[in-house]
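Each chain, letter by letter, is given below.
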Amino acid sequence: MSEKVEKILKAIEDLKVLELNELVKAIEEKFGVSAAPVAMAAPTGGAGAQVGPAGSQEAAEEKTTFNVVLTDGGANKLQVIKAVREIDQNLGLIDAKKLVESTPKEVLKGAKKEEADEAKKKLEAAGAKVELK
């Protein structure tokens, strides 16, 4: 790997999640590409294939992105609002309050497993009920 590429990777590694999201959007716009995963054709039938009632093959691979859904704000809404604002720093106090009071609501969409688990732990520690979907 070239030194130039290593420097770029190091710079990306130091970015926060929101900054990384901005970078991805900027690259998509600048170069006219999409970071969305391309769906691969699933193998058909075959030995050992599990076919569901609709005829589609069950997802054998592990899910890689999750939506963090706040299902209940809990008794200590102030702490939950603070946790929501830590997770989504683009939300103002009023928006975070509305989100917590109008559950069920998504707090994060398309988050990686580690990020989703961390957000879930923060919200549950604040007293909220959370689901990963």
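Here is what the cut-offs are and how they apply
- Residues numbered from 1 in each chain as written.
- Predicted model: local features only at pLDDT ≥ 70, side-chain atom pairs only at ≥ 80, totals over all residues.
- Heavy atoms only, no water.
- Helix = DSSP H or I, 4+ residues; strand = E, 2+ residues; numbered from the N terminus.
- Axes fitted to C-alpha atoms, helices over the stretch in contact; angles between N-to-C directions.
- Parallel < 35°, antiparallel > 145°, perpendicular 65-115°, else oblique.
- Left-handed = near helix turned anticlockwise from the far one by under 90°.
- Contact = heavy atoms within 4.5 Å.
- Nonpolar A, V, L, I, M, F, W, Y, C, P; charged D, E, K, R; others polar.
- 1 Å grid on protein atoms, 1.4 Å probe; cavity = no way out; pocket = protein on both sides within 12 Å on 5 of 7 lines; lining within 4 Å.
- Points joined across faces, edges and corners; volume = space filled by probe spheres on them.
- Domains from an automatic or database assignment.

Give me the environment of Gln-89: which residues, what numbers.
Within the fold, Gln-89 resides in the loop between α3 (77-87) and α4 (93-101). Counting along the chain gives 71 residues from Gln-89 to Leu-18, while the straight-line C-alpha distance between them is 8.3 Å.

Help me get a handle on the packing of α3 against helix α5 (residues 113-125), residues and values and all.
Running from N to C, α3 and α5 cross one another at 160°; their axes reach a closest spacing of 8 Å. Between α3 and α5, the crossing angle belongs to the class labelled roughly antiparallel. Seen from above, α3 lies across α5 with right-handed handedness. In this structure, α3 uses Val-80, Ala-83, Val-84, Glu-86 and Ile-87 to contact α5, whose residues at the interface are Ala-119, Lys-122 and Leu-123. In terms of residue class, the contact of α3 with α5 is built from six nonpolar, no polar and two charged.

So, the layout of surface pockets: which residues are in play, and what are the values?
Where empty space is left can be seen by rolling a probe of water-molecule size over the atoms. In this structure, the largest pocket spans a volume of roughly 1000 Å³. Val-17, Leu-18, Asn-21, Ala-111 and Glu-115 are the residues nearest the centre of the largest pocket, which is lined by 30 residues in total. Mapped onto the lining of the largest pocket, the elements with two or more residues apiece are α2 (17-31), α3, β2 (105-112) and α5. For the lining of the largest pocket, the per-class residue count stands at 13 nonpolar, five polar and twelve charged. When residues of the lining of the largest pocket are sorted by domain, at least three fall in each of domain 1 (1-34) and domain 2 (66-132).

Function-wise, these values are silent; they only describe arrangement.
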